[in-house]
Amino acid sequence: MTINTLAKGGCHREQMACFRKMEKVIVAMQDPDMGMKMRNQRLLITVIPHAMTGHDIIAWLTHKYRISEEESLHLGNMLVKYGYIYPLKEPRCLVLRPDESPYRFQTPYFWTSTRWPASELDYAIYLAKKNIRKQGELMEYEKERYSLLHKRINHTWDFVVMQAREQLRASKQRRKADRIVLECQEQAYWLINRPPPGVNNVLDTGLERPNNFSCRVTLNSDYYKREIEACRKALGRNRVKSSICLEGFLKYSEQYLNHDPIMQGCLPSNPWISDDTAHWTMNAEIVPVPTRLRVERWSFSFMELLNDAMGRREFMTYLEKEFSAENLYFWQACEDIRHGESSKIVEKVEDIYKNFLAPGAARWVNIDSKTMDKTLEGIKRPHRFVMDDAQMHIYFLMKKDSYPRYLKSDLYKNMLAKAIVPQETKKSVFPFMRRQRHSSPSPAQTATQAAEEEGLAKGAGANSAAGSHF
Amino acid sequence: MKKNKITLTNNITCFLSNSFLVKMKTSLKYMRSPPTPEMATQEVPLNETLAHLKTESETLKSKLEEERAKLHDVELHQVAEKVEGLGQFVMKTRRTLKGHGNKVLCMDWCKDKRRIVSSSQDGKVIVWDAFTTNKEHAVTMPCTWVMACAYAPSGCAVACGGLDNKCSVYPLSLDKNENLAAKKKSVAMHTNYLSACSFTNSDMQILTSSGDGTCALWDVESGQLLQSFHGHAADVLCLDLAPSETGNTFVSGGCDKKANVWDMRSGQCIQSFETHESDINSVRYYPSGDAFASGSDDATCRLYDLRADREVAIYSKDSIIFGVSSVDFSLSGRLLFGGYNDYTINVWDVLKGTRVSILFGHENRVSTLRVSPDGTAFCTGSWDHTLRIWA
């Protein structure tokens, strides 16, 4: 997540969870029975024990998790990136190579999760050691950081240098193999906790907010009272058996399968793949002849029909024939109130009353008396949802009555018969030649143009807000 | 001088003298900053009524889970056994949109099926024609970390916000000389960062969620708060509007591991689900509106059925360790796409519960993922500064 709230103790909750999971994988990899086979690896003239090849790691992950090699490589790469496994050859490059390159497990002492957060003092000691060990062994960026640290924690610098010297002296007493290993381990740790510039910081968890999350919402008695109330309500709710609900998913997926371009492709071709926008042109909001799939979709549900501009237009034509078009006009007017500007609500409610509800209104809608009374009462104090009950009544009226009849009507059947089924575009003869990708007018442009025309029509010279240039 | 043998690693030991140990310890104590007041206080003893309320709430919650379990007579994958399995799945990056100078945090599609708006950590909001990869508009916000952006249904405006705690609407002008920021309209005001925003069915209303633990519905024209939604115990990270006939509900997910379904009209929380083990980063309705999916830091995606009032599927795998940042369904709802923090996209068979495919390409976390309005492709935004269109 982008925002990371630090839980108590300063540990990133999200990161810790991932670390624990990765550590489980690492532990499994080192299991004496089911874990990886490790061997001695020769590095120049020294022999490093308990090493494994990149290839081994990938094979083990592939086998254990039953995943592809590509995915194992990716997972193994994550383990290296987070410092649980480090490379012996080219130790500064924390990448998993799918070959005979040698790798080793990082010691838990140097796991990022163990020593969290990495301290400045430790980093200073590490850099000091490198500096002392071989003059000029520090990389450019390390030199810069070293001098910055020197300034920042100048007061303990003696201690830093003393520690560095002591650790170096102690390390000289070890076997060469051990010394190399420890150096590699420590280096890997710092490459992750203080990455070089230009390298992704894997420990970057986004924006940090140091507050304990529960401070933002006070968990007081009001909060719990609300929770209890909500629970009580929920306990009383009607539930549907799983077997019935889940069948619903199967039905829906099956019904829409042919309409899902990612699953079944789309005709004539998917514009993103073929660079041809024919599919979009044929399915534009208003076209002379719609596609067959589109017309079929109108029969899936009443909502599908209404959501499609052409479908709605066709349905309106049908209703006009049946002399019940006022229902759809009413529904549209109600939608306009619900989703429109707050300032226009009063005006719109008045219009609706005049056109649809008043006795003798031009487009009088037939609502049951109870709903009508309630609505008329509500109109006295108009608000955004005042028409909800009436709107729902008319919606279900259309859905249960007019809609099924529309689907059986000649109007719909003719539409379906006329509808085009686009030809699938044959693959081009020159597959490597890319089609030119044409731009399309921005919706913002069409709207500005429309507004401009409207402004001009209203009267030249008048400063209309829409369409004028600033 | 007494030497202490300290085992640092499996095979290596380091010898440090006692005096040095003492010096190190004291130095470290000196280095550590003094404890802040928050860290110092222990749990404030809850007064009795509060403790009782908390217990009562928890008891009721377990009772609710018991009730929910009673009607659960079959699992989704069992019901789906008769469905044909999915074949080989090939999806590739078809477009790469480069132009952001920092992490891409959010994106949204325009209804015209080819344009998108994206926002990033450096405060830039860009509108692209993803088909041609041309940038059409760019706005620099006065804050960094623009975590939320949305395209207006008309295609004439975009909304965005983040660390400024606000949601602002920018009408899109085609006049090249015009500075979009001049026409900016501040709509929402929260007391903490804005995590997500979405227009409702029109350009006139915006729904927002925030780090202050609340969601809110705003009138764009006047900037008035129309309704606020309280019930989350922590930051709310995501929201999605229901595609229902009566169009009155939405779902939100937060750091309290809860996914809440709200009535937009009354402000009440009508359903609540708490089965995730960590923060919920993304919620998305199933196309029919009868269910929704969630993606969480616990590395799982889950499906919740609203009629059954319970979790009905978990999409997880041993080898998937990193959290899900973003989820969306394909048009038919058969596929669930998840963008993960390990830079990959996992594609799940919603019905059978299996992982169909894993897509590689991004070089850092996938932070946002949305399927296009006509389902021909999906777009991902990543911390690697790019957006990709997959088809």
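Note that the coordinates shown come from a computational prediction; the quantities given were computed from them, not determined experimentally.

## Some remarks on the packing of aromatic side chains
Scanning all chains against the criterion turns up 40 aromatic pairs over all chains. With a centroid separation of 4.9 Å and 75° between ring planes, the pair formed by Phe249 of chain A and Tyr286 of chain B is classed as edge-to-face. Taken together, the positions of Phe249 of chain A in helix α9 (residues 242-256) and Tyr286 of chain B in the loop between β20 (280-285) and β21 (291-296) put the pair across two chains. Accessibility assignment for this pair places Phe249 of chain A and Tyr286 of chain B in one class, buried. Ring centres of Tyr252 of chain A and Tyr286 of chain B lie 5.5 Å apart, and the angle between their planes is 55°; this geometry places the pair in the tilted category.

## Considering the packing of helix α4 (residues 120-133) of chain A against helix α7 (residues 176-193) of chain A
All names here are of chain A. Where α4 contacts α7, the axes come no closer than 12 Å and their chain directions differ by 130°. Taken together, the axis directions place α4 and α7 in an arrangement best described as oblique. Crossing handedness for the pair α4 and α7: left-handed. Contact with α4, carried on its side by Asp122, Tyr123, Tyr126, Lys129, Lys130 and Arg133, involves Glu183, Glu186, Gln187 and Trp190 of α7 and no other residues of that element. Class assignment of the residues belonging to the contact of α4 with α7 gives a composition of three nonpolar, one polar and six charged.

## What to know about the confidence of the model for chain B
Residues and elements named next belong to chain B. On average, residues of chain B score 88 in pLDDT, and 87% of them reach the 70 mark or higher. With pLDDT under 50 throughout, residues 1-42 is counted as low confidence; its partners more than four residues away or in other chains account for 57 contacts. Per the prediction output, this complex has pTM 0.88; the corresponding ipTM is 0.89.

## Describing the pattern of salt bridges
Taken as a whole, this structure holds 51 salt bridges over all chains when the rule is applied. Across the pair Lys258 of chain B and Glu227 of chain A runs a salt bridge, and its minimum N-O distance is 2.9 Å. In this pair, Lys258 of chain B sits in the loop between β17 (249-254) and β18 (259-263) while Glu227 of chain A sits in helix α8 (residues 221-235), so the two residues belong to two different chains. With a shortest N-O distance of 3.6 Å, Asp328 of chain B and Arg284 of chain B are connected by a salt bridge. Of this pair, Asp328 of chain B sits in strand β24 (residues 324-329) while Arg284 of chain B sits in strand β20; the two residues are 44 residues apart in sequence, bridging distant segments of the chain. Take Asp328 of chain B: its relative accessible area is 8%, and that puts it in the buried class. Note on Arg284 of chain B: relative accessible area 9%, which makes it buried.

## Notes on the domain arrangement of chain A
According to the domain assignment, chain A consists of domain 1 (17-107), domain 2 (120-193) and domain 3 (266-418). The C-alpha-based centres of domain 1 of chain A and domain 3 of chain A are spaced at 61 Å.

## Structural notes on the sheet that holds strand β10 (residues 166-171) of chain B
All names here are of chain B. Ordered in space as β8-β9-β10-β11, the four strands form an open sheet in which the pairing is antiparallel. Every interior strand has two partners, whereas the edge strands, β8 (148-151) and β11 (185-189), have only one. Strand-to-strand, the axes of this sheet are offset by a mean angle of 20°, without reference to chain direction. Alignment of β10 against β11, held across four bridges, turns out to be antiparallel. Bridged to Val169 within β11 is Lys185.

## Details of helix α2 (residues 54-65) of chain A
In a regular helix each residue adds 1.5 Å, so twelve residues correspond to 16 Å; α2 of chain A covers 17 Å between its end C-alpha atoms and thus fits that length. If you check which residues of α2 of chain A are buried, you get Gly54, Asp56, Ile57, Ile58, Trp60, Leu61 and Tyr65 of chain A.

## Some thoughts on the UniProt feature "domain: RGS" (unreviewed entry) in chain A
Taking the UniProt record as the reference, the feature "domain: RGS" (unreviewed entry) is found at residues 301-416 of chain A. Secondary structure over residues 301-416 of chain A splits into 75% helix and 0% strand, and the C-alpha atoms at its two ends are 16 Å apart.

Thresholds applied
Position labels on residues start from 1 in each chain and follow its written sequence. By the order in which they are written, chains take letters starting at A while ligands take numbers starting at 1. Predicted model: local features are reported for residues with pLDDT of at least 70 only, side-chain atom pairs are reported and counted for 80 or more only, and whole-chain, interface and lining totals are derived from all residues. As a convention, hydrogens and water are excluded, and side-chain values are obtained from all of the structure's heavy atoms. Aromatic contacts are taken between Phe, Tyr and Trp rings whose centres are within 6.5 Å, Trp giving its six-membered ring; a plane angle under 30 degrees counts as stacked, one over 60 as edge-to-face, and the others as tilted. For helices the rule is a DSSP run of H or I covering at least 4 residues; for strands it is a run of E covering at least 2, with both sets numbered from the N terminus onward. Only protein chains enter the calculation, and the probe is 1.4 Å; a residue is then buried if its accessible area is under 20% of its type maximum, exposed if over 50%, and partly exposed in between. Only the stretch in contact is used when a helix axis is fitted, and all axes are lines through C-alpha atoms; the angle between N-to-C directions ranges over 0 to 180 degrees. Convention used here: angles under 35 degrees read as roughly parallel, angles over 145 as roughly antiparallel, angles from 65 to 115 as roughly perpendicular, and any remaining angle as oblique. Two helices cross in a left-handed way if the nearer one is turned anticlockwise from the farther one by less than a right angle. They cross in a right-handed way if the turn is clockwise. By the convention used here, residues are in contact when the closest approach between their heavy atoms is within 4.5 Å. Asp, Glu, Lys and Arg are counted as charged, while Ala, Val, Leu, Ile, Met, Phe, Trp, Tyr, Cys and Pro are counted as nonpolar; the rest, among them Gly, fall into the polar class. Note on scores: pLDDT gives the predictor's confidence for each residue, bounded by 0 and 100. A side-chain nitrogen of Lys or Arg and a carboxyl oxygen of Asp or Glu constitute a salt bridge if their distance falls within 4 Å. Domain delimitation follows an automatic or database domain assignment. Two strands are said to pair when DSSP picks up at least two bridges between them. Here, expected helix span is obtained from the residue count minus one, scaled by 1.5 Å. UniProt positions are given in the numbering used here, feature names are shortened, and annotations may be inferred rather than shown by experiment.

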